[in-house]
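# Observations on the model geometry
Here's the letter readout for the chains.
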Amino acid sequence: MASIIYRYALRHDLIAAVDPDHNALIQEDESAEHYVIETYNCSDFPGYNIIASHIYYNRPAMEEIVSDAKYITIIRFPQSQIKSGFYFMKKDELFPNAPNPFGEYVKLKYEKYIESGSRPERGIHNDFKRFNLSMDESTLASEIQRLDNELDLVMLTEYYDESLILLGKLLCWDFEDLVYHKMKEHKTEHPPVTPQTERMITELTSLDIKFYNYFNDTLWEKIRRYEGNFTADLQKFRAIQNEVETTCRFGNESHFCRLLHNDCHFLSVKLSTRNEEWIC
């Protein structure tokens with residue numbers, strides 16, 4: 001998602017706030033009231049236009065960087081998120097002899113939950129929505145309502161193309177601005193999630209599932225209220241997406257295809273380098 005926004009920034013001469021070391025996550029300072037971002041020392045600095053990094057949701061700190069912004073995030077169904085993160089962070093290497101490493105991992109977390117009587121504060125591996133979006137377990141309903149009021153769009157990984165159509169409408173972007181290259185797809189086959197493991201995850205992530213279900217409902221409500229023919233626009237976008245994938249698949253060295261294949265880190269470095277050359 002960030003790659004799409006970074007590419008748009010490069011094409012339209014926008015200034016992105018990025019981590020000084022171009023890490024994927026923009027950190028807060030010691031006071032937790034400001035973000036640590038790359039700065040430019042010039043008297044006529046025009047200000048930042050976008051933030052597209054991984055970042056903890058702190059509305060006042062964000063408004064210091066970009067005013068009058070649209071606020072967008074993307075979430076994934078908790079079970080899929082947890083399993084993906086488990087293998088992405090290579091935690092399966094902690095269970096070299098287990099026929100189903102992910103199942104063993106969840107079982108250990110579940111047993112700790114049973115012993116302590118409380119869910120992991122930051123989720124099974126610090127990726128839960130209530131942590132990344134500053135949610136509090138005791139005020140779940142009110143926090144969800146607050147976020148619904150404050151966020152302009154909550155996208156869903158499971159309905160990525162549909163979410164992009166809503167994003168394009170929200171930001172008045174063309175379909176060509178929304179095309180993407182699928183990165184970080186893992187082709188390795190992993191053992192399936194057993195019903196027992198699924199039950200344990202459901203119990204551990206009950207708050208996150210409520211959070212996900214709420215914004216799943218809001219996504220489809222936005223689709224129902226879409227101004228225009230949503231189905232036709234989705235088909236048109238997918239046709240453009242398929243054409244781009246075909247064009248850029250086999251070593252096409254055009255500027256467009258090279259930019260499309262760049263990851264977030266490369267794009268943030270490119271934005272930073274360009275900014276240093278012409279902002280001041």
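Small disclaimer: the values here were computed from a predicted structure and weren't measured.

### So, the confidence of the model for the chain
If pLDDT is low for a region, its predicted coordinates should not be looked at in detail. In this model, the chain carries an average pLDDT of 86, and 90% of its residues clear a pLDDT of 70 or more. Looking at the elements of the chain, mean pLDDT is at its lowest for helix α5 (residues 129-132), recorded as 44, and at its highest for helix α7 (residues 160-171), recorded as 98. Confidence drops under pLDDT 50 across residues 121-132; counting only partners more than four residues distant or on other chains, this segment forms 40 contacts.

### Observations concerning α7
For α7, built from twelve residues, the straight-helix expectation of 16 Å at 1.5 Å per residue is met to within 8% by its first-to-last C-alpha distance of 16 Å. Looking at α7, one finds that the buried residues are Tyr160, Asp161, Glu162, Ser163, Leu164, Ile165, Leu166, Leu167 and Gly168. Along its buried surface, α7 packs onto α1 (2-11), β5 (72-75), β6 (153-156), α9 (206-224) and α10 (230-249). Cys172 lies just past α7 and shows a positive phi near 60°.

### Regarding the packing of helix α6 (residues 140-150) against α9
Close contact between α6 and α9 brings their axes to 11 Å; oriented N to C, the two are set at 35°. Crossing hand, α6 versus α9: right-handed. Between α6, through Leu140, Ile144, Gln145, Leu147 and Asp148, and α9, the contact on the second element is made entirely by Leu207, Lys210, Phe211, Tyr214, Phe215 and Thr218. Broken down by class, the residue content of the contact of α6 with α9 amounts to seven nonpolar, two polar and two charged.

### Points about the environment of Asp19
Residue position: Asp19 is located in the loop between β1 (16-17) and β2 (25-26). The spatial distance from the C-alpha of Asp19 to the C-alpha of Met1 is 17 Å, given a sequence separation of 18 residues. Every residue in contact with Asp19, bar those within four places of it in the chain, is listed here: Leu25, Ile26, Val36 and Glu38. At 2.8 Å, the side chain of Asp19 and the backbone nitrogen of Asp21 are in polar contact.

### Let's talk about the side chain of Asp177
The residue Asp177 is located in the loop between α7 and α8 (195-204) in this model. For Asp177, a relative accessible area of 10% corresponds to the buried category. Engagement of the side chain of Asp177 in a polar contact is seen with the side chain of Arg11, the distance being 3.4 Å. Once residues lying within four places of it in the same chain are set aside, the contact partners of Asp177 are Ile4, Tyr8, Arg11 and His12.

### Section: helix α3 (residues 78-88)
Side chains of residues three or four places apart in an α-helix project in the same direction, reflecting 3.6 residues per turn. Along α3, the residues classified as buried are Pro78, Gln79, Ile82, Gly85, Phe86 and Tyr87. One or two steps after α3, the chain reaches Lys90, where phi turns positive at roughly 60°.

### Some remarks on the nonpolar core
Ranked by internal contacts, the top residues of the largest apolar core, which has 63 residues, are Tyr6, Tyr48, Leu164 and Phe237. Looking at this core, the element that brings in the most residues is α1, giving seven residues. Leaving out residues up to four positions away in the same chain, Tyr6 has contacts with Ala16, Val18, Ile50, Ala52, Ser53, Cys264, Leu267, Ser268 and Leu271.

What counts and how
- Residues numbered from 1 in each chain as written.
- Predicted model: local features only at pLDDT ≥ 70, side-chain atom pairs only at ≥ 80, totals over all residues.
- Heavy atoms only, no water.
- pLDDT = per-residue confidence, 0-100.
- Helix = DSSP H or I, 4+ residues; strand = E, 2+ residues; numbered from the N terminus.
- Contact = heavy atoms within 4.5 Å.
- Expected span 1.5 Å × (residues − 1).
- Buried < 20%, exposed > 50% of the residue type's maximum accessible area, 1.4 Å probe, protein only.
- Axes fitted to C-alpha atoms, helices over the stretch in contact; angles between N-to-C directions.
- Left-handed = near helix turned anticlockwise from the far one by under 90°.
- Nonpolar A, V, L, I, M, F, W, Y, C, P; charged D, E, K, R; others polar.
- Polar contact = N/O pair within 3.5 Å; in protein donor to acceptor, adjacent residues only side chain to side chain.
- Core = buried A, V, L, I, M, F, W, Y, C linked by side-chain atoms within 4.5 Å.

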